[in-house]
Each structure stands twice: as C-alpha cells, then as structure tokens.
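If you want the building blocks of each chain, they are given just below.
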Amino acid sequence: MSYRPQTSSRRNSGRGRGKVRHEKGKTKGQKHRSGGKYLLEASEAPTFEEVVEKTLGRLSNLGGQIFAFSPFSQYYDDWLLSLKSVLSEFESNPAVNVDEEFVKERSQVIADIELKLAANRREEAVLEEATRRLAKQNNLLVQTDAEYADATQTLSSKRNSEVKRLTRRVRDFEEELEETSQMKASIFSPFARRAKSHKAAEVTRKLDAAKSELESVAKAFEVEQEKLHGEYEEKKQAVTEQVRSLEKKVEGLETDGSVENRQFACEELVNAVKALVQRKPPLQ
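Model, not experiment: these values are computed from the prediction.

Right, let's get into helix α3 (residues 76-92). In this model α3 runs 24 Å from its N-terminal to its C-terminal C-alpha over 17 residues, within 8% of the 24 Å that 1.5 Å per residue would give. Within α3 the residues assigned to the buried category are Y76, W79, L80, L83, V86, L87 and F90. For α3, the angular spread of the buried residues around the axis is 120°, confining them to a single face. Seen from the open side of α3, the exposed residues pointing more than 90 degrees away from its buried face are D77, D78, L81 and S92. Considering only its buried residues, α3 is in contact with α2 (48-63), α4 (100-181) and α6 (259-279).

Have a look at this one:
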C-alpha cells in the first residue's frame, strides 16, 4: 500500500522538474534568437550617409537618362514615377530628418519639371503632326509629277494625231495642185483654160487654209503645253516649299527635347539634398 503513493510522488516530481527545465531552456533559446534577429536588423540598417549617397547617385542617374526612341514622351510618366519614388524612399527612411524647407524645394522642382515635360509633350505632338503632313506632301509631290506626266502624254498624243491629220490634208492638196498643174488644156479652148485655172486657184486656197490650220493647231498645242507646264511648276513649287518647311520642323523629332529639363531638375534635387544635409543632422 505504501509503494503506490511513493511511485506516484516520484513520477509527479520528475514531471515537474522536467517541465521546469524544458520551459527554462525554451525561454533561454527564445531570448537568444530574439537577440540574434535584433543584431541582424541593426547591422543591415543603412546609415544616414549611405542613404544620402544612394539617393544622390539615383538622382544623378535619372538626370543623365537618355530615352531610346521617339516619341520620347512615352517615357515621361515612368521617369516621373521613378523620380518621385527616389524622393519618397529618401524622405521616409528612418535615418533621414527632412525639414519644411526641403519639402518646399522638392515640391517646387517636381511641379516645374511636370510643367516642362507637359510642354515637351505638346511640342512633340506638333512635330508628329508635322511628320504626318510631310508624308502627305511627299505623296502629293509624287502625285503631281505623275499627273503632269499623264497630262503631257495625253496632250502629246492629241497633238500628234491632229497634226498628222492636217499634214495629210496638206499633202493631199499639194498632190492635187500638182496634178492640176500637169493637166493639159487645149490652147484653142478658152473654157478649158479657165477651168484649169479656176481649179488650181481653188486647190491653192484649200492648201493655204490647210497649212494655216496646221500652223494654228501646232501653235495652240504649244501654248497649251506651256500652260500645263506652268501650272505644274507652280503647284510643285508650292508643295516643295511645304516639304522643306516641314522637314526643318521634324528634324527635332529625333532629338529628345526633355533632356536638359530633366537634367536640371535632378541637379536641383541633388542640391536640395546636400543643403538638407548641411542643415539637419542625421537622426540618432
């Protein structure tokens, strides 16, 4: 009867001591791990100088960034987002203590660059429209040349056909006049002589009229050709002047007009950060 309680007491006592030792060990381990984590976080936290150096470097990189292809305005929003992100990370860092003056300077720089980029965007839109107009004018120039060539060919065909017809008439009258002159008329028949003379005069009149018409038609076609050429040159000159003017405008399309503005903005922000460092010590 006395064995069972002693066994129970010894078993309970062992459990209690084991439990206490286990909890003490666990507490000690927790404290060790917690301390290790604290030391790790403390060693990874950047210093104030490192935060400033990193921020200045990122601002310099953004200031020197060159966009690859036009339209360059397609990169503006991402660039602004990156710029604001750099500033946000800098200001929210626990090691940094920004003041009201820095916030004011930073806000003014951001507002200015946003306005300038908006102006660059509008200017680029104008240049893109000029490029489209230039393409249309170049097409119009090609079309003008083609239309003039077609009109010249049509006029030339018409002139050749008309001149050929009138030349044939002149030749026919010349042959008829030659035949008339070779007609023999009896010297004893006044009627025959008068008939021959009358016919020769009639054929000569028709021949002269045909020659006159041929000359007149040739002159008319020459005048029409000159008129056609003059209209063509006038139209072509107007289109060519438009092309040259537009070409001068679109020359700037391959150059990013925002480079200087973005570089200046980043330089201003770099100066603002440096001025802040001079005014405000790092947070302890």
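Core analysis: the largest hydrophobic core is formed by 29 residues, its most contacted members being L59, W79, L83, F90 and V273. Elements that contribute at least two residues to this core include exactly α2, α3, α4 and α6. Every residue in contact with L83, bar those within four places of it in the chain, is listed here: L59, L62, I110, C266 and L269. Of all hydrophobic cores here, the second largest spans nine residues; its members include L155, V170, V217 and F221.

Under the criterion given, the structure shown has four aromatic pairs. A ring pair is formed by F67 and Y75, whose centres lie 5.0 Å apart and whose planes are at 25°; its orientation type is stacked. On the basis of relative accessible area, Y75 is assigned to the partly exposed category, the value being 24%. On the basis of an interplanar angle of 45° and a centroid distance of 6.2 Å, the ring pair of F67 and Y76 is categorised as tilted. For the pair shown, F67 and Y76 are each scored as buried. The rings of F67, Y75 and Y76 are connected pair by pair, giving a single aromatic cluster. Cation over ring: R262 sits above F67, and NZ or CZ is 4.0 Å from the ring centre. Geometry around W79 places R262 over its ring, the cationic atom sitting 5.4 Å from the centre.

Rules used in this analysis
Residues numbered from 1 in each chain as written. Predicted model: local features only at pLDDT ≥ 70, side-chain atom pairs only at ≥ 80, totals over all residues. Heavy atoms only, no water. Helix = DSSP H or I, 4+ residues; strand = E, 2+ residues; numbered from the N terminus. Expected span 1.5 Å × (residues − 1). Buried < 20%, exposed > 50% of the residue type's maximum accessible area, 1.4 Å probe, protein only. Arc of directions from axis to C-beta. Contact = heavy atoms within 4.5 Å. Core = buried A, V, L, I, M, F, W, Y, C linked by side-chain atoms within 4.5 Å. Phe/Tyr/Trp six-rings, centres within 6.5 Å; stacked < 30°, edge-to-face > 60°. Lys NZ or Arg CZ within 6 Å of the ring centre and 35° of its normal.

Structural measurements only, silent on function.
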